[in-house]
Amino acid sequence: MLLKDLAEMAGVSLSTVSRALHGDARISEATRKRIQEIADHEHFVLSKSASALASRKSFRITALFVDHFNTWFTSTSLEGLYSVISQSDYDLFPLALHTPEELDTFFRLLSRNNNTDGIIISSIHLSDSHTEQLAASHIPVVGLDSYGTQGYDAAVVLNNDESMLMAARRIKLLGHTAIGFVHYPQPGLFHDYSYSERIPQFERICRAQGYPERSFHHFASSNGKADREGVESILRQWTATTPRPSVLFVETDDFAITLMSALREQGLRIPEDVSVVGFDDNPVSKLIGLATFRQNALGNARYAAQTMLSLLKADQPEGSLPERADLAGVNAAESDAQKPMFSQDLTSFIARRTLGPAPKNAARH
């Protein structure tokens, strides 16, 4: 059965049938219900490819990531995006980019390819050229796990200020005088993404709490990987540092757990010999008692997807985006008019057993 056959049976125009089956609010509920009943009886299903040709839309939402799909954050974000987008007329197309050149190529060909209706960008800071290319494409763009709003029509922006202030005060109260910052091996060859903002931000907040510059020490994998060689190189750097930091802040929980395993292999106790703090609060962190910063990755992704669908559904007049608001209390059941386009996820500090008092002999290291 073709769409025109369904229109003849319902006694309405082709456009009315199409709008009714797509849930267009301009069609009355009685008409929509009558058309849907006929479609169900005739086993009629809309063809996405046919709809795409007719509307010049791809019915695809692209999700850009700069990390591997099997990390906790990326896999959780994909779950959240899919749970919302799968209930719509759109397909989710995840794409992992590993070099700045791949990202440049994607944006450069965007307006030419015309193969996506919206883009959700995770953890990437957009350059001025990327912002210009996106603006020229006239495709809605939503940021996820973002530290800024440049280039985005909407975004979920992480706010770590209050949680990091609480952590800095707690660390100081426990007597730690030297802090080690462990950099997560950067995914691909990117140097400007949201992970990279965590350590500078926490360092600034610790400095504001009275820590002098000499208190801070930075450690990075010598081979740029999170493998055994990379982790062992970090431990060698830490061991050779004077004074040796008695607390290690690691950019991600995944890498913090890997580092903790290596520390214990060397006979070191956590937190008696050294404290460890991560970032993310993935399920394993709670299980092993890892002190960390909690972000709502699943909820943020769902919100980003719902916001994208709202942008695709409604014509937003230029310059009239709703004001930002906190993510708390926002859910998929709210009407489009109630949803802010920019939202903050206020992370929280979770103090668990891997963070303890500074060792009594820490000053002698």
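Preceding block: the structure.
All values derive from a computational prediction rather than experimental measurement. Every chain is numbered independently, its residues counted from 1 as its sequence is written. The predicted origin of the model limits local features to residues at a pLDDT of at least 70 and limits the giving and counting of side-chain atom pairs to 80 or more, whereas totals for whole chains, interfaces and linings rest on all residues. The side-chain figures draw on all heavy atoms in the structure; neither hydrogens nor water molecules are used.

A. Focus on the packing of aromatic side chains. Paired rings are identified among Phe, Tyr and Trp, the last through its six-membered ring, by centres lying within 6.5 Å, and are further divided according to the angle between planes into stacked (under 30 degrees), edge-to-face (over 60) and tilted (the rest). A complete count under the given rule lists 13 aromatic pairs for this structure. Measuring from ring centre to ring centre gives 6.2 Å for F181 and F202, while their planes differ by 85°; the resulting arrangement is edge-to-face. Separated by 21 residues along the polypeptide, F181 in strand β6 (residues 179-182) and F202 in helix α10 (residues 195-208) bring together distant segments of the chain. Buried residues are those whose accessible area, probed at 1.4 Å on protein chains only, stays under 20% of the maximum for their type, while exposed residues exceed 50% and partly exposed ones sit between those limits. Residue class for F181 comes out buried when judged on its relative accessible area of 0%. In this description a helix means any DSSP run of H or I spanning at least four residues, a strand means any run of E spanning at least two, and both kinds are numbered starting from the N terminus.

B. Broad picture of the side chain of S233. Here S233 shows up in helix α11 (residues 228-240). Given the relative accessible area of 3%, S233 is considered buried. Whether two residues are in contact is decided by their heavy atoms: any pair within 4.5 Å suffices. Apart from residues lying up to four places away in sequence, S233 is in contact with A220, S221 and S222.

C. Region of interest: helix α9 (residues 161-173). Spanning 13 residues, α9 covers 18 Å between terminal C-alpha atoms, matching the ideal 18 Å at 1.5 Å per step. Among the residues of α9, S163, M164, L165, A167, A168 and I171 are the ones counted as buried. Phi turns positive, to about 90°, at G175, one or two residues after α9. The span you would expect from a helix comes to 1.5 Å times its residue count less one.

D. Structural context of the packing of helix α1 (residues 3-10) against helix α3 (residues 29-41). Between α1 and α3, whose axes approach to 10 Å, the crossing angle comes to 125°. On the basis of the axis angle, α1 is oblique to α3. Pair α1 / α3 crosses with right-handed handedness. Each of L6, M9 and A10 in α1 lies in contact with α3, whose residues at this interface are R34, I35, I38 and A39. Under the convention adopted here, Pro, Cys and the residues Ala, Val, Leu, Ile, Met, Phe, Trp and Tyr are nonpolar, Asp, Glu, Lys and Arg are charged, and Gly plus all remaining residues are polar. Counted by class, the contact of α1 with α3 contains six nonpolar, no polar and one charged residues. Inter-axis angles, ranging from 0 to 180 degrees, are taken between N-to-C directions of lines fitted to C-alpha atoms, where helices are fitted over the stretch in contact. Roughly parallel covers angles under 35 degrees, roughly antiparallel covers those over 145, roughly perpendicular covers 65 to 115, and oblique covers all other angles. Crossing chirality is assigned from the near helix's rotation relative to the far helix, an anticlockwise turn below a right angle marking it left-handed and a clockwise turn marking it right-handed.

E. Focus on the pairing of strand β5 (residues 154-159). Burial within β5 is extensive, with five of its six residues counted as buried. As defined by bridge partners, strand β4 (residues 141-146) adjoins β5 across three bridges and the pair is classed as parallel. Looking at the pairing, G143 lines up with A155 of β5. The sheet contact formed by β5 and strand β12 (residues 342-346) spans five bridges and is parallel. Note that in β12 the partner of V157 across the bridge is Q344. Two strands make a pair as long as DSSP finds a minimum of two bridges between them.

F. Summary view of the pattern of salt bridges. We define a salt bridge as a contact between a side-chain nitrogen of Lys or Arg and a carboxyl oxygen of Asp or Glu at a distance within 4 Å. Taken as a whole and judged by the stated rule, the model has nine salt bridges. Between R207 and E213 there is a salt bridge, with its nearest N and O atoms 3.2 Å apart. Residue classification places R207 among the partly exposed residues on the basis of a relative accessible area of 36%. As a salt-bridge pair, D281 and R294 come within 2.5 Å of each other at their nearest N and O atoms. Taken as a pair, D281 in the loop between β9 (275-277) and α13 (283-288) and R294 in strand β10 (residues 292-294) lie far apart in primary sequence, 13 residues in all. According to the relative accessible area criterion, D281 is buried, its value standing at 13%.

G. Region of interest: the nonpolar core. Buried Ala, Val, Leu, Ile, Met, Phe, Trp, Tyr and Cys residues that are joined via side-chain atoms within 4.5 Å together make up what is termed a nonpolar core. Counting residues in hydrophobic clusters, the biggest one holds 41 residues, and the most contacted among them are F107, I120 and I121. For this core, the elements supplying multiple residues, two or more each, are β1 (60-65), α5 (72-85), α6 (100-108), β3 (118-122), β4, β5 and α14 (297-313). Considering each element in turn, this core owes the most residues, eight residues, to α14. Excluding residues within four positions of it along the chain, I121 makes contact with L64, F107, L126, L134, V141, V142, G143, L144 and Y152. By size, the runner-up hydrophobic cluster in this structure holds 21 residues, among which are M164, F181, I205 and V247.

H. Highlighting the packing of α11 against helix α12 (residues 253-265). Two elements in contact, α11 and α12, have axes separated by 10 Å at closest approach and are oriented at 65°. It follows that α11 is roughly perpendicular to α12 by the angle criterion. Of the two possible hands of crossing, α11 and α12 adopt the one that is right-handed. Between α11 and α12, the contacting residues are R228, V231, I234, L235 and W238 on the first element and F255, T258, L259, A262, L263 and E265 on the second.

I. Structural context of the pairing of β4. Among the six residues in β4, six count as buried, and that is most of the element. The pairing of β3 with β4 spans four bridges and is parallel. In the strand pairing of β4, I119 is matched with V141. When the strands point away from the viewer, a crossover counts as right-handed if the path from the first strand over the helix to the second runs clockwise. Between the parallel elements β3 and β4, the chain passes through helix α8 (residues 128-137) in a crossover that is right-handed.

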